[in-house]
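Residue-level structure breakdown
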Amino acid sequence: MSGFMEQIWKLAIQSYPVNPVLPAFFEIETLLSSIAQTGVALSPYLDLWSEINTVAATKHLLYFVTLHGEEFANGGTLTAAFWESAPDQALELRRWLLQPQVWNWIQEGKDVPIDSGFEPLMAPALAVLAKEMESTAV
């Protein structure tokens, strides 16, 4: 993991919302897709996200799931915009998101207010992820 990118990632994960600290990034997904564009594996960054147990890291996860969770339906991954040219990283992200410990983190934190205005999208996104969790466990 590049020291520079790691430091930016740590700063972002610990700052919710991210754009006041890193104005070029609207949300954590935009930073993650930017990292994916470098061609590096996302696993170290995703593992670091899992390790940083802060309210901000949880809010980023919940916001990500709220906005993007439904895209993982039926074995899907993120494919829009920058993700089209980073399918391996998109698959890494899917695998990480569907790990039992990440699912437990989502479940434990799902009542943390993210104040995004998109909260009505959370329940459908969680339903998709729950179904995907079941299908990958088979």
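See the structure printed just above.
Residues numbered from 1 in each chain as written. Predicted model: local features only at pLDDT ≥ 70, side-chain atom pairs only at ≥ 80, totals over all residues. Heavy atoms only, no water.

**Let's talk about helix α7 (residues 122-137)**
Compared with the 22 Å implied by 1.5 Å per residue over 16 residues, the 22 Å span of α7 between its first and last C-alpha is a close match. Where α7 is concerned, the buried positions are M122, A125, L126, V128, L129, E132 and M133. Relative to the axis of α7, the buried residues are bounded by an arc of 160° and lie together on one face. In α7, the exposed residues that point more than 90 degrees away from the buried face are A123, K131 and E134. At its buried positions, α7 is contacted by α4 (55-68), α5 (87-97) and α6 (100-109). (Helix = DSSP H or I, 4+ residues; strand = E, 2+ residues; numbered from the N terminus. Expected span 1.5 Å × (residues − 1). Buried < 20%, exposed > 50% of the residue type's maximum accessible area, 1.4 Å probe, protein only. Arc of directions from axis to C-beta. Contact = heavy atoms within 4.5 Å.)

**Topic: the nonpolar core**
W9, W49, L97 and I106 are the most contacted members of the largest nonpolar core, which has 43 residues in total. Top contributing element to this core by residue count: α4, with six residues. The contact partners of L97, leaving out residues within four places of it in the chain, are L61, F64, V65, F72, V102, W103, I106 and L129. (Core = buried A, V, L, I, M, F, W, Y, C linked by side-chain atoms within 4.5 Å.)

**Here we look at the packing of helix α1 (residues 3-13) against helix α3 (residues 43-51)**
Helices that pack against each other are described as a pair by the angle of their axes relative to one another and the distance between those axes. Two elements in contact, α1 and α3, have axes separated by 10 Å at closest approach and are oriented at 35°. Between α1 and α3 lies a crossing whose hand is right-handed. Two secondary-structure elements touch here, α1 through M5, E6, W9, K10 and I13 and α3 through Y45, L48 and W49. Tallied by class, the residues present in the contact of α1 with α3 amount to six nonpolar, no polar and two charged. (Axes fitted to C-alpha atoms, helices over the stretch in contact; angles between N-to-C directions. Left-handed = near helix turned anticlockwise from the far one by under 90°. Nonpolar A, V, L, I, M, F, W, Y, C, P; charged D, E, K, R; others polar.)

**With respect to helix α2 (residues 28-37)**
The buried fraction of α2 is high, at seven of ten residues. All of the buried residues along α2 are I28, E29, L31, L32, S33, I35 and A36. Contacts made by the buried residues of α2 are with α1, α3, α4 and α5.

**Considering the pattern of salt bridges**
Throughout the structure, instances matching the rule amount to two salt bridges. For the salt bridge of E6 with K10, the shortest nitrogen-to-oxygen distance reads 3.3 Å. Of the two residues, E6 and K10 both sit in helix α1, four residues apart, roughly one turn of that helix. Notably, a salt bridge pairs R94 with E132, separated by 2.6 Å at the nearest N-O pair. Taken as a pair, R94 in helix α5 and E132 in helix α7 lie far apart in primary sequence, 38 residues in all. Of the two residues, R94 and E132, both sit in the buried class. (Salt bridge = Lys/Arg side-chain N within 4 Å of Asp/Glu carboxyl O.)

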